[in-house]
Amino acid sequence: GSCTNSCRWDYKTMQGVEDASGDILTAAGFTVGNSSNSNQTNVEKTIVFYSDTANEGAARGVCKALAHTCVVKFTSAYSGNGTALTLVLGADYLK
């Protein structure tokens, strides 16, 4: 579960959903940054976004730590938030 750049994680949950994923990741040795509610309520799949290809393995490590099958996706959409990875929890995580 190591990453290049800053090993800080952001995660978002569907609006109105409480979860313990931040605690799970912290217990697994990850440093969790900000957590917030997504502005969407219809997120079906849990996705870990990474903006540096060197962090793909770390993104997969988040899914493994959560004991969940996630989608791991490269994007620059979250690159400006100062974190190596962004976790967005979907409805599938809560089932």
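These lines cover the structure that appears in this document, whether it is placed above or below. Only a predicted model underlies this, so the values are computations on that prediction, with no experimental measurement involved. (Residues numbered from 1 in each chain as written. Predicted model: local features only at pLDDT ≥ 70, side-chain atom pairs only at ≥ 80, totals over all residues. Heavy atoms only, no water.)

### Brief notes about the overall build of the protein
Item 1. Scanning the protein from terminus to terminus reveals two helices and five strands.
Item 2. Each of the 95 residues in the protein was classed as buried or not, and the buried ones make up 41%.
Item 3. Considering only residue pairs separated by 6 or more positions, the protein has 74% of its internal contacts joining residues 24 or more positions apart.
Item 4. Total accessible area on the protein stands at roughly 5,100 Å², and carbon and sulfur atoms take up 46% of it. (Helix = DSSP H or I, 4+ residues; strand = E, 2+ residues; numbered from the N terminus. Buried < 20%, exposed > 50% of the residue type's maximum accessible area, 1.4 Å probe, protein only. Contact = heavy atoms within 4.5 Å. Areas by Shrake-Rupley, 256 points an atom, 1.4 Å probe, with all protein chains shown as cover.)

### Description of the environment of Tyr 50
Item 1. Summarising the element assignment, Tyr 50 is placed in strand S3 (residues 47-50).
Item 2. On the accessibility criterion, Tyr 50 (8% relative accessible area) is buried.
Item 3. For the pair Tyr 50 and Leu 87, spaced 37 residues apart in sequence, the C-alpha to C-alpha distance is 8.9 Å.
Item 4. When residues no more than four places from it in sequence are discounted, the contact partners of Tyr 50 are Asn 55, Glu 56, Ala 59, Val 72, Lys 73, Phe 74, Thr 75, Ala 84 and Leu 85.

Such coordinate-based values are descriptive only and should not be taken to indicate function.
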